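Notes for the structure review
Here is how the chains run, residue by residue.
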Amino acid sequence: MCILYMADPADAQKWRECLSSMAPELEFRQWPDVGNPAEVRYLLAWEPPGNLAEQFCNLRVLYAAGAGVDQFDLASLPSQVSLVRLVDDSMAGIMAEYVLFAVLALHRDILAYQQDQREGRWQPRPIVLASQRRVGVMGLGTLGRVALGRLQPLGFQLSGWNRSLKDVPGGRCYVGPGQLDEFLAQCDILVNMLPLTPETKGILNAARLACLPHGAGLINVGRGAHLVEQDLLAALDEGRVGGAVLDVLAQEPPSPNNPFSKHRRVLLTPHIASDVQVEGGVAVIVENLRRESEGMPLLNLVDRSKGY
Ligand code: NDP
Ligand code: OXD
């Protein structure tokens, strides 16, 4: 029984060591040294090769090397292969750190102070209490719920928007497309933590941004394709959106003339809000070996009909 590693070669040794200590029954192989492809039962990849069924006739589980699975063509995955995300608590904690940082940066006008510093101004701005600031999170999944839990002690007014009803600490959960505009209208700072699916692609467009209170802040840690970048640029230029922290872009890395790169009201980071953690990922694989042997449903299984 073997697991074939096809993710970042730089991390292969860490995965090999952790798997051999936590799941010694699994033989570790690294692409392109496949050996006998019929022995490959598990595959760990950011993006797998095409025609999986023909290449690996006994493949049972495809482990996505991350939380998002939008890079996979779900329709072309063989039906007998389960797709599982390697997201865990530590990955959610790392994401929550980034969200806290970005919310606080927008809350305390840090982008404007950075610009003041560059231009030689010493100009205090009025302080808004956290209790007067409304922070809304779109997507209350594994990552969104942890971020909300970490924001709560800071005293913000919290809300969430999700497909199904979820608990929002101290605040309201808005549900489904019918309550989206109402949700947006009360977000002084909006955090996008949705998965990218046909339903959520382009969800942050001119019409939705226009629902936000004037001067609201936007944080995008989901995927670049959630945002219609031209629409955000227009909203920033008109002051309808006051500032944005973007960890993801439609094109990564951005071209040198990307208009956000030098925008005074935008903070860009190179898709580092979180990342898969080897120990946590291996713990998911180990738990799933147990579940598989007991005929139980797998942990972090992607629902292909929903796309996440
Ligand atoms: P989950 O699958 O655990 O959660 C997704 C949540 O979004 C669910 O609560 C789901 O609702 C909700 N949702 C999905 N579609 C819709 C919709 N159409 N309308 C309303 N709500 C919807 O995902 P994670 O929390 O683990 O990850 C979220 C995303 O974060 C990833 O897909 C990835 O794109 C991104 N990411 C970014 C990283 C970065 O470094 N920038 C790192 C890791 C992840 P329901 O509960 O009802 O199913
Ligand atoms: C992920 C990511 O989805 O790093 O895991 O973006």
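Refer to the structure printed above.
The shown structure was predicted, so the numbers you read here are calculated from the model rather than taken from an experiment.

1. What about the site of ligand 1?
Ligand 1 sits among 29 residues. The nearest are R85, N162, S164, K166 and Y308. T142 is positioned with one of its side-chain polar atoms (N or O) 2.9 Å from an oxygen atom of ligand 1. Across the complex, the protein chains shield 93% of the 930 Å² of accessible surface that ligand 1 would expose by itself. Residue assignment for the shell around ligand 1 shows that the elements contributing at least two residues are α3 (89-107), α5 (142-151) and β7 (157-162). The class makeup of the residues in the shell around ligand 1 is 13 nonpolar, ten polar and six charged. When we break the shell around ligand 1 down by domain, the ones giving at least three residues each are domain 1 (2-87 + 276-293) and domain 2 (90-268).

2. Thoughts on the pairing of strand β4 (residues 61-64)
Here β4 shows a buried face lined by V61 and Y63 and a second buried face lined by L62 and A64. In the sheet, strand β3 (residues 40-45) pairs with β4 via four bridges, with the strands oriented parallel. Opposite L43, over in β4, you have L62 as the bridge partner. Here β4 runs beside strand β5 (residues 82-85); their pairing, made up of four bridges, is parallel. Residue A64 lies in a different strand from β5, and its bridge partner there is R85.

3. Observations regarding the pairing of β7
Within β7, five of the six residues are buried, which leaves it mostly tucked inside the rest of the structure. As judged from the four bridges shared by β7 and strand β8 (residues 172-175), these two strands associate in the parallel manner. Residue W161 lies in a different strand from β8, and its bridge partner there is Y174.

4. Description of the packing of α3 against α5
The N-to-C vectors of α3 and α5 enclose an angle of 55°; their axes lie 8 Å apart at closest approach. Comparing their axes, α5 and α3 come out oblique. Crossing hand, α3 versus α5: right-handed. Residues M91, A92, G93, M95, A96, V99, L100 and V103 of α3 form the contact with α5, whose own contacting residues are T142, L143, V146, A147, R150 and L151. The class makeup of the residues in the contact of α3 with α5 is eleven nonpolar, two polar and one charged.

5. A word on helix α8 (residues 229-237)
Given 3.6 residues per helical turn, the α-helix brings residues three or four places apart onto the same face. Turning to α8, its buried residues are E229, L232, L233, A235 and L236. Along the axis of α8, the buried positions cluster into a sector of 165°, meaning they face one direction only. For α8, the exposed residues lying more than 90 degrees away from the buried face are Q230 and D237. Within two residues after α8, G239 carries a phi angle of roughly 80°, on the positive side.

The rules behind these values
- Here the residue numbers are simple positions, counted from 1 along each chain's written sequence.
- Chain labels run from A onward and ligand labels from 1 onward, assigned in the order the entries are written.
- Restriction of local features to residues with pLDDT of at least 70 applies here, the model being predicted, together with a cutoff of 80 or more for giving and counting side-chain atom pairs; totals for whole chains, interfaces and linings are based on all residues.
- Working from all heavy atoms in the structure, the side-chain values ignore hydrogens and water.
- A single heavy atom is enough: if one lies within 4 Å of a molecule or strand, its residue is considered near that molecule or strand.
- A 3.5 Å cut-off defines polar contacts: any pair of N or O atoms within that distance qualifies, except that in protein one atom must be a possible hydrogen donor and the other a possible acceptor, and neighbouring residues in sequence count only when both atoms are side-chain atoms.
- Only the protein chains shown count as covering a residue, and every accessible area follows the Shrake-Rupley method with a 1.4 Å probe.
- Helix numbering and strand numbering both begin at the N terminus, where a helix is a DSSP run of H or I of at least 4 residues and a strand a DSSP run of E of at least 2.
- Only Asp, Glu, Lys and Arg are considered charged in this grouping, and only Ala, Val, Leu, Ile, Met, Phe, Trp, Tyr, Cys and Pro are considered nonpolar; every other residue, Gly among them, is considered polar.
- Note that domain bounds follow an automatic or database assignment of domains.
- Exposure categories follow from relative accessible area, calculated using a 1.4 Å probe and restricted to protein chains: below 20% of the type maximum is buried, above 50% is exposed, and the middle band is partly exposed.
- Only strands joined by at least two bridges in the DSSP assignment are considered to pair.
- All axes here are fitted lines through C-alpha atoms, helices being fitted over the stretch that makes contact, and every angle between N-to-C directions spans 0 to 180 degrees.
- Under this scheme an angle from 65 to 115 degrees is roughly perpendicular, one under 35 degrees roughly parallel, and one over 145 degrees roughly antiparallel; angles in between are oblique.
- Less than a right angle of anticlockwise turn of the near helix away from the far helix marks a crossing as left-handed, whereas a clockwise turn marks it as right-handed.
- When checking whether two residues touch, look at their non-hydrogen atoms; a contact exists if any pair is within 4.5 Å.
- When we speak of the arc, we mean the arc of directions from the helix axis to the C-beta atoms.

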